[in-house]
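Structure at a glance
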Amino acid sequence: GHKAPLTDVFLEQALLALVFADNRNLGHLAKLTPEDVTDPVLAAALAGALNMHAEGRPANLVTLKSRLEAMPVDEERTGLDVLRSLSIGGTLPPIEDVVHRLRGLAVRRRLADTLQAMSWAANDESQPLAAIAADAILQLNDYLADATSETKTSFDLYEASYAFIEWVQRAQDPVEITTG
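In this report, the structure presented in the accompanying data block is examined. All values reported here derive from a predicted model rather than from experimental measurement.

Concerning the pattern of salt bridges
- Scanning all chains against the criterion turns up four salt bridges.
- Between D22 and R24 there is a salt bridge whose closest N-O contact spans 2.8 Å.
- Of the residues examined, D22 reaches a relative accessible area of 24% and is grouped as partly exposed.
- Exposure remark for R24: the relative accessible area of 64% places this residue in the exposed category.
- For the salt bridge of R57 with E55, the shortest nitrogen-to-oxygen distance reads 3.1 Å.
- On the basis of relative accessibility, which here comes to 42%, the residue R57 falls in the partly exposed class.

Some remarks on helix α2 (residues 40-54)
- With 15 residues, α2 should reach 21 Å at 1.5 Å per residue; the first-to-last C-alpha distance of 21 Å fits that figure.
- For α2, the full list of buried residues reads V41, L42, A43, A45, L46, G48, A49 and M52.
- On the buried face of α2, the contacting elements are α1 (9-21), α3 (65-69) and α4 (79-84).
- At the N-terminal end of α2, a side-chain oxygen is found 3.0 Å from the backbone nitrogen of V41, two or three residues along, and the residue is D39.
- With its phi angle positive at about 75 degrees, G56 sits one or two positions after the end of α2.

Section: unusual backbone geometry
- Here A30, not a glycine, exhibits a phi torsion of approximately 50 degrees, which is positive.
- Here A30 lies in the loop between α1 and α2.
- Of the residues examined, A30 reaches a relative accessible area of 64% and is grouped as exposed.

Quick word on the environment of T33
- Mapped onto the secondary structure, T33 falls in the loop between α1 and α2.
- The spacing of T33 and L50 is 17 residues in sequence and 9.2 Å in space, taken between C-alpha atoms.
- At a separation of 3.0 Å, a polar atom in the side chain of T33 contacts the side chain of E35.

Brief notes about the nonpolar core
- Within the largest apolar cluster, 30 residues are counted, with the highest numbers of intra-cluster contacts made by L15, L16, L46 and L83.
- When contributions to this core are tallied by element, the ones reaching two or more residues are α1, α2, α4 and α5 (95-123).
- Setting aside its immediate chain neighbours within four residues, L83 contacts L16, F20, V41, L42, A45, L61 and L68.

Overview of the side chain of R109
- Tracing the backbone through its elements, the reader meets R109 in helix α5.
- One buried charged side chain, R109, makes no salt bridge at all; its nearest oppositely charged neighbour is E12, positioned 5.2 Å away.
- Ignoring sequence-local partners within four residues, the contact set of R109 consists of P5, L6, T7, D36 and T38.

Re the packing of α1 against α5
- Direction vectors running N to C along α1 and α5 enclose 140 degrees, while the axes themselves pass 10 Å from each other. As far as their axial angle goes, α5 and α1 are oblique. Our pair here, α1 against α5, has a crossing hand that is left-handed. Where α1 abuts α5, its residues L11, E12, L15 and L18 lie against I95, V98, V99, R101 and L102.
- Taken together, the residues of the contact of α1 with α5 break down into seven nonpolar, no polar and two charged.

The rules behind each value
- Residues numbered from 1 in each chain as written.
- Predicted model: local features only at pLDDT ≥ 70, side-chain atom pairs only at ≥ 80, totals over all residues.
- Heavy atoms only, no water.
- Salt bridge = Lys/Arg side-chain N within 4 Å of Asp/Glu carboxyl O.
- Buried < 20%, exposed > 50% of the residue type's maximum accessible area, 1.4 Å probe, protein only.
- Helix = DSSP H or I, 4+ residues; strand = E, 2+ residues; numbered from the N terminus.
- Expected span 1.5 Å × (residues − 1).
- Contact = heavy atoms within 4.5 Å.
- Polar contact = N/O pair within 3.5 Å; in protein donor to acceptor, adjacent residues only side chain to side chain.
- Core = buried A, V, L, I, M, F, W, Y, C linked by side-chain atoms within 4.5 Å.
- Lys, Arg positive; Asp, Glu negative; His and termini not counted.
- Axes fitted to C-alpha atoms, helices over the stretch in contact; angles between N-to-C directions.
- Parallel < 35°, antiparallel > 145°, perpendicular 65-115°, else oblique.
- Left-handed = near helix turned anticlockwise from the far one by under 90°.
- Nonpolar A, V, L, I, M, F, W, Y, C, P; charged D, E, K, R; others polar.

Pasting the structure below:
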């Protein structure tokens, strides 16, 4: 099948399998949010699991049954059927590796969208050049803060540039996860 760019549905499935296997994994999501998950059923299931967890209730197929059943996937299946069918063969990767990879893909999708919007703005001659440049700087600044920091959410451009350079220079081996 065709794979959408910057997505990994198998890894998203592994994330949900890890969450439902052990709800303590919900505490290891760091900055990953349901909006970072591309499959709409898996994103809704993660949102439901996070809500249950926040209320101090277990997140599983029983407690989320009505929410999942209310999600039609096609004429025959609901979200509950999708979640029931999740079976990840072999051993699951550590939750931190799954979260790191999915979050990285989400941030890259966001950058691709931002760059596409900048391209459209640059091609619209009715837009003042200074406004395009200022908007581009602000958006890239937000991206840098998102990509380089787990804690800081806002930088000025000078700080952002240095934080980005430090982040790139940290000789971190990329996390490679193979699925399927």
